[in-house]
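Chain and residue survey
Residue strings, one per chain:
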Amino acid sequence: MMDERRGFPARRLPLLWTGALMLGSQLFFNGAAAGTPSCAAVPAGYTTLQHKDYTLHFRPTPAPITVGTPFALEVLACPKDASRPVLDVAVDATMPAHGHGMLYRASVSKLSTHAWSAKGLLFHMHGSWRFSFVVRTPSGVDTLVHDANVR
Ligand SMILES: [Cu+2]
């Protein structure tokens, strides 16, 4: 009869529910996405990371990222040599100083040959977060990182 489970993070439940509701409304309002970004004309507001075989551009929506607000990342991976395409991109984020990640896993979908959308990210603490972009190419898998201070 008694529930003997211990250590269940009950105090996180209100945050999770709030996040789910906020995420739901975010997806609703972003449902009719604008045109897919293209390597031919990278719009303003993207952060750029360089790799010898490709350039990775990303930007959050909404911007800037604020604590407790779900956001998405638009990611563009532009090969420097067409014979070395980027096959796939995965996105995660951690707080290295605290040794933890997000409470949610981002879901990434491919929009076009060069564009991905990562949805469902949420930074639940103020401080220094590190984005990790795991990029798969025919040569293997690279991890590119970018640090962001979130207020
Ligand atoms: Cu933390």
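The preceding data block contains the structure.
This section reports on the structure supplied with the text.

Conventions and cut-offs
Residues numbered from 1 in each chain as written. Predicted model: local features only at pLDDT ≥ 70, side-chain atom pairs only at ≥ 80, totals over all residues. Pairing = 2+ DSSP bridges. Helix = DSSP H or I, 4+ residues; strand = E, 2+ residues; numbered from the N terminus. Axes fitted to C-alpha atoms, helices over the stretch in contact; angles between N-to-C directions.

Some details on the pairing of strand 8 (residues 127-137)
Across seven bridges, strand 4 (residues 88-95) lies against strand 8 in antiparallel orientation. Residue pairing across strands places Ala-93 opposite Phe-131, the latter belonging to strand 8. Summarising the sheet, strand 8 and strand 9 (residues 140-150) pair through eleven bridges and their orientation is antiparallel. Note that in strand 9 the partner of Arg-130 across the bridge is Asp-147.

Observations concerning the sheet that holds strand 9
Across a sheet, paired strands are connected by hydrogen bonds in the backbone, their directions being either parallel or antiparallel. Spatially, four strands are ordered 5-4-8-9 in an open sheet, and the strand pairing comes out antiparallel. Lying at the two open borders of the sheet, with one neighbouring strand each, are strand 5 (100-101) and strand 9. By the bridge criterion, two bridges tie strand 4 to strand 5 in an arrangement that is antiparallel. When the bridges of strand 5 are listed, Met-95 appears paired with His-100.

Brief notes about the sheet that holds strand 6 (residues 107-110)
Reading across from one edge, 1-2-3-7-6 is the order of the five strands in this open sheet, with antiparallel pairing throughout. This sheet does not close on itself; its edge strands, each paired only once, are strand 1 (47-50) and strand 6. Direction aside, the axes of adjacent strands within the sheet are offset by 20° on average. Looking at chain direction, strand 6 and strand 7 (residues 115-121) are connected through four bridges and run antiparallel. In the sheet register, Val-108 faces strand 7, and the bridge partner there is Ala-118.

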